[in-house]
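Letter by letter, the chains look like this.
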Amino acid sequence: ITPQGLLEGAPHAQHIHIGGTNSCPSNDMEGSGANGALQVTDAAGSYGAIAVSLTTEGDTSPDSGLAVDRFPVGNPTYSRTLQVSPEVAQQIAEGDGVVVLHGVDLNGSGTYDGDVMSDLDPSLPEEATDPAACGTLDVASMSMPGGGADTGAGGTADGSSAAFVVGGAALVAAGGAGVIALRRRDAEG
Ligand SMILES: [Cu+2]
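The text that follows walks through the structure, step by step, so that each part is easy to find. (Residues numbered from 1 in each chain as written. Predicted model: local features only at pLDDT ≥ 70, side-chain atom pairs only at ≥ 80, totals over all residues. Heavy atoms only, no water.)

Focus on the overall build of the protein chain
A tally of regular secondary structure across the protein chain gives two helices and nine strands. Start at the N end of the protein chain and walk to the C end: the helices and strands fall as β-β-α-β-β-α-β-β-β-β-β. Going through the 189 residues of the protein chain one by one, you find that 45% of them count as buried. Looking at the protein chain alone, contacts between residues at least 24 apart form 71% of all its contacts between residues at least 6 apart. (Helix = DSSP H or I, 4+ residues; strand = E, 2+ residues; numbered from the N terminus. Buried < 20%, exposed > 50% of the residue type's maximum accessible area, 1.4 Å probe, protein only. Contact = heavy atoms within 4.5 Å.)

Points about the coordination of the copper ion
Coordination of the copper ion by the protein is provided by H15 (ND1), H17 (NE2) and H102 (NE2), with metal-donor distances spanning 1.9 Å. For H17, a relative accessible area of 2% gives the class buried. (Donors = N, O, S within 2.8 Å, 3.2 Å for Na, K, Ca; no water.)

Re the state of the cysteines
One covalent bond between the sulfur atoms of two cysteine residues makes up a disulfide. Scanning all chains against the criterion turns up one disulfide. A sulfur-sulfur separation of 1.9 Å characterises the disulfide bridge that pairs C24 with C134. Residues C24 and C134 are joined by a disulfide whose S-S torsion is about -85°; by sign, that bridge is left-handed. Placement of the pair is C24 in the loop between strand 2 (14-18) and helix 1 (44-47) and C134 in strand 6 (residues 131-141), with a sequence separation of 110 residues. (Disulfide = S-S within 2.5 Å.)

A few points about the nonpolar core
Within soluble globular proteins, side chains that are nonpolar generally end up buried alongside one another. Counting residues in each nonpolar core, the largest one holds 18 residues, and the members touching the most others are I16, V52, L54, V88 and V99. When residues of this core are traced back to their parent elements, those giving at least two are strand 2, strand 3 (49-53), helix 2 (86-93), strand 5 (98-102) and strand 6. Among the nonpolar cores identified, the runner-up in size contains seven residues, and V40, A43, Y47 and C134 belong to it. (Core = buried A, V, L, I, M, F, W, Y, C linked by side-chain atoms within 4.5 Å.)

Looking at the pairing of strand 5
Of all the five residues making up strand 5, five are buried; the element is thus mostly covered by neighbouring parts of the structure. Burial along strand 5 is two-sided: V98, V100 and H102 and V99 and L101, pointing in opposite directions, are all buried. Of the pairings in the sheet, the one linking strand 2 to strand 5 comprises four bridges and is antiparallel in character. Residue pairing in the sheet places Q14 in a bridge with L101 of strand 5. (Pairing = 2+ DSSP bridges.)

Quick word on the environment of S85
Note on placement: S85 falls in the loop between strand 4 (81-83) and helix 2. Look at S85 and you get partly exposed, because its relative accessible area is 33%. Remark: the alpha-carbon pair of S85 and A51, spanning 34 residues in sequence, is separated by 9.6 Å.

So, in structure tokens, the structure goes:
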């Protein structure tokens, strides 16, 4: 993930969301936040719920969805190889899911503040959690490594989690739509 235009010096939660129509909301969608800003749940019909937390270290489950001390700060390039459940792996392999980056300085104050509180955590201002950028997942390659004859259509029949790399394309904040290239890696680990 190569973000641009996110608030410097502030943590930006980022997740793979799966559900809804597995798509990104339009940039001009009106939300329930200040001056019509989009809050996270406003677009749940588009991108569903958090399936993977793209943290910098440690747990990557939805439980870490707001682990602000383990998300990138500012606009660093993010790259991490991680394991997901077979169910999530299957959904991603089928092209379902989007990547959402959160945290918007709506009022230009240079920090997360404002009168409207987050729809995810009422102790946080909405600016800390509002969606900032969204990119759909594309499956770049479905070739089976090694050409094993024992792999069925699903590829995770043994219950192991497939590993994926999310990266290679830019997510542009503040109005742009990004595309995340997804490459299948050695499913046997
Ligand atoms: Cu999210």
